[in-house]
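Residues per chain, in single letters:
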Amino acid sequence: MHISPYHAQWHAHSMPEHQMDHDNSYPVRLVDGSTLVLPLRPLPGGEKAIALLMSNQTGFAVERALIRLLTDMVQELKPEVIVGVPTMGLAYARPVAENLGFDDYVALGHSRKFWYDSALSQCLTSSTSPDQAKHLYLDPALVERVRGRRVVIMDDVLNTGRTAAAAIRLMQKVQARVVGVTAVLTEGWAWRTELEHTGPDMPGLVHALGHIPMFGRTEAGWRPLADT
């Protein structure tokens with residue numbers, strides 16, 4: 001199956017992906033053999049680029065396909081609770097929890113409500129908003145949904161790992177058992193180091209539908225960077 005959220009086109013090439021140059025899009029092979037085509041977006045400075053998944057801009061057919069694959073992947077982990085991280089992780093956490101037959105899920109947030117407890121927060125900086133310090137909050141009213149239970153944390157793209165690590169630390173504070181950290185895509189490998197700070201076994205709990213590298217500029221377009 002070929003699924004394209006941005007109507008980009010892809011044709012098979014004979015050479016390996018890491019040796020190929022790409023113009024405006026990058027085809028990501030997912031766990032079921034389908035292909036998700038993402039647009040390439042240059043980073044500030046223009047010498048590097050990323051394959052961009054904007055989960056709130058994908059078509060409904062793509063969204064449904066990703067949710068189905070995520071549901072199958074998460075079901076294998078036998079969670080009792082799905083915990084979604086903002087912002088885009090929430091778009092997948094809720095329907096996956098519903099597909100699994102759960103009565104509810106837990107949505108973490110960046111906005112502090114007046115009844116929140118600062119002890120149930122973690123400071124972080126988003127890779128897409130590096131100049132804006134953020135906090136990740138767990139609503140005190142939801143603590144008992146996760147305390148002592150098997151939890152899967154869900155995001156859309158795992159890159160720096162800072163948000164996922166903050167979510168793990170929040171779950172550890174309330175004695176939840178994190179049995180998986182899931183995402184549509186992993187991007188690069190910096191997240192491994194970040195998650196190791198929360199526990200040496202945490203990187204091994206990561207499950208994703210596919211992986212995207214970082215890209216460097218060439219004369220012919222964009223080429224995946226080695227070791228990403």
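The structure displayed is predicted, hence computed values, not measured ones. (Residues numbered from 1 in each chain as written. Predicted model: local features only at pLDDT ≥ 70, side-chain atom pairs only at ≥ 80, totals over all residues. Heavy atoms only, no water.)

Draft legend 1. Examining the confidence of the model for the protein chain more closely. When the pLDDT values of the protein chain are averaged, the result is 87; 88% of them are 70 or greater. Summarising per-element confidence for the protein chain, the mean pLDDT is lowest in strand β1 (residues 2–3) (50) and highest in strand β5 (residues 81–84) (98). Contacts for the low-pLDDT stretch residues 6–16, under 50 throughout, to residues beyond four places or in other chains number 19 contacts. (pLDDT = per-residue confidence, 0-100. Helix = DSSP H or I, 4+ residues; strand = E, 2+ residues; numbered from the N terminus. Contact = heavy atoms within 4.5 Å.)

Draft legend 2. Spatial organisation of helix α2 (residues 89–99). Considered for burial, the residues of α2 that qualify are Gly-89, Tyr-92, Ala-93, Pro-95, Val-96 and Ala-97. On its buried face, α2 is in contact with α1 (60–75), β5, β9 (150–158) and β10 (177–187). (Buried < 20%, exposed > 50% of the residue type's maximum accessible area, 1.4 Å probe, protein only.)

Draft legend 3. Structural detail: the pattern of salt bridges. The tally for this structure, following the rule as stated, stands at three salt bridges. Salt-bridge contacts for Arg-145 lead to Asp-104; the nearest nitrogen and oxygen are separated by 3.6 Å. In this pair, Arg-145 sits in helix α3 (residues 143–146) while Asp-104 sits in the loop between α2 and β6 (106–107), placing the two residues 41 residues apart along the sequence. The partly exposed category is assigned to Asp-104, whose relative accessible area is 33%. (Salt bridge = Lys/Arg side-chain N within 4 Å of Asp/Glu carboxyl O.)

Draft legend 4. View of the packing of aromatic side chains. Applying the stated criterion to the full structure yields three aromatic pairs. Ring centres of Trp-189 and Trp-191 lie 5.9 Å apart, and the angle between their planes is 50°; on these two criteria the pair is classed as tilted. Exposure remark for Trp-191: the relative accessible area of 5% places this residue in the buried category. One Lys or Arg, Arg-192, reaches over the ring of Trp-189 and ends 4.1 Å from the middle of that ring. (Phe/Tyr/Trp six-rings, centres within 6.5 Å; stacked < 30°, edge-to-face > 60°. Lys NZ or Arg CZ within 6 Å of the ring centre and 35° of its normal.)

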